[in-house]
Amino acid sequence: MTQVPIVCAPHPPDWPVYDREAIRAASRLIAEGRTFDYARGDEIARIEDSFAGYHGGGHALFLNSGTSAILSALLALDIGPGDEVLCPATTFVSGITPVLLAGAAPVFVDGDPQTDTMDPEAARASIGPRTRAILVTHLWGHPADMPRLMNLADRHGLAVIEDCSHAHGARLGGRLVGTFGDAAAFSLGTGKMISGGTAGMLLTRDRHLYERACLLGHPRQRSRISVCDPDLAAYANTGLGGNLRGSPVAAVLAQSHLDRLDKLIARKRANLQRLSAGLSGLTGIEPPWTAPEADRGGWYGFHARFNPIALPGATREGLICFMKSAGARVAPATRLPLHREALFRDFRAGCLPDGLLPMRRGVAPPDHVPYCPVSDSIFDRTICFPAGVFHEACPELVDEYIAAAQAAVETFSQRAPGMTQSLRARFSRKHVKTE
Ligand SMILES: *Cc1c(COP(=O)(O)O)cnc(C)c1O
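Residues numbered from 1 in each chain as written. Predicted model: local features only at pLDDT ≥ 70, side-chain atom pairs only at ≥ 80, totals over all residues. Heavy atoms only, no water.

Caption draft 1: Broad picture of the sheet that holds strand β7 (residues 175-176). If you trace the 3 strands from one edge of the open sheet to the other, you get β7-β6-β11, paired in antiparallel fashion. Of all the strands in the sheet, just β7 and β11 (294-295) have a single pairing partner and so form its edges. Pairing of strand β6 (residues 171-172) with β7, which is carried by 2 bridges, proceeds in the antiparallel orientation. Bridged to arginine 171 within β7 is leucine 176. (Pairing = 2+ DSSP bridges. Helix = DSSP H or I, 4+ residues; strand = E, 2+ residues; numbered from the N terminus.)

Rendered as structure tokens:
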């Protein structure tokens, strides 16, 4: 397919990006040999206090990853062998594997057709006698339907853990994600909007839960400082076996993002709303839908969808291929809905290789086979745009992405094959035609 290059403006560097002050703060720690912290030094105390403060209070525990935050929450809630945890079919795998580490069984729940976050009705249908908790992801920055999920949890006596790793600063009805459930886990690593390279945060209003989580991953000094419950304090010296401490170097890097989180969200929102508005005028590629009462945050991912009914002449792969050769960094979704992954499939079937997860020995897998047609269908139709580059104002780049999508749609539409006159006129000044 020969075609006109359409996306020509430079892409900003992929997130995370650190300002000079953050780099100086990290360098200072390295120069002083302060690359670890057994206690609760200034850097750790500051990020925990400001993180809790941003969320209107509660206890924040800084950890070495989002995965550790989820594991801490599960174990602190006493979830283990014999228990089932409702999990979304679509999320990052490390959001769910801690359920297996805890010795419990994940039960996958289908997504809502618009956002692919956990569908409360499907969740209700998945509750059984062994269900103990709901572990829900605010997917790609869109809050899950927390009022209905909390209501469900209340009626059935379930704990709720929010995985906010995609959605720092997202709100539902004005209320921040991470403040609905019993505990919230945030990845503060990789390309997440608040990133210390590798780090995580546990947030909870439950002091007892916080102290148990602290004991799990922060033996000695830190637990002596933070664990006050007399029933737990005796174990501060040993902890409970984990080392889940975050580094102060990661803390100062993440702090630099947290300090300007609202500004970061606003800038990314401006770009991605412009992209959404542009795509919404096209037939066959649909921008991500946002509920009227929701404010996306974090923006970890911009997943548009191919609509094969609206554009019967096209395939998703064809559209992506066209846009890529026009210079757009688009891609199909690559992470399978988790109920289809070998680990969870074989776990459910009871045929994990010997010794792979010894803590699973003798624990019955969930009774029913998950059926998640909504998440499956969304996965097959997803077109991922590179959300990680849209963190600084770049309206020209956004417009070129829209134009690339428009050209792809027009090329595949049966009514008007090839590029339209308007597009030609728009780009012929800047770009060389090669067809
Ligand atoms: C990134 C991520 C995690 C894991 O966080 P790490 O910091 O990489 O351990 C968990 N859940 C979701 C939804 C994530 O995106």
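Back to the write-up after that little detour.
Caption draft 2: Summary view of the nonpolar core. If you look at the biggest cluster of nonpolar residues, it comprises 64 residues, and the most contacted ones within it are Leu275, Leu319, Met323 and Phe385. Broken down by element, the residue count for this core peaks at 11 residues, all from helix α15 (residues 395-412). Not counting the four nearest positions on each side in its chain, methionine 323 is found in contact with Ile285, Ala328, Val330, Ile383, Phe385, Ala404, Ala405 and Ala408. (Core = buried A, V, L, I, M, F, W, Y, C linked by side-chain atoms within 4.5 Å. Buried < 20%, exposed > 50% of the residue type's maximum accessible area, 1.4 Å probe, protein only. Contact = heavy atoms within 4.5 Å.)

Caption draft 3: Just helix α6 (residues 146-156), in detail. Regarding α6, the residues found buried are Met146, Leu149, Met150, Leu152 and Ala153. Angularly, the buried residues of α6 cover 160° about the axis, an arc narrow enough to put them on a single face. Away from its buried face, by an angle of more than 90 degrees, α6 presents the exposed residues Asp154 and Arg155. Positive backbone phi, at 65°, marks glycine 157, one or two positions downstream of α6. (Arc of directions from axis to C-beta.)

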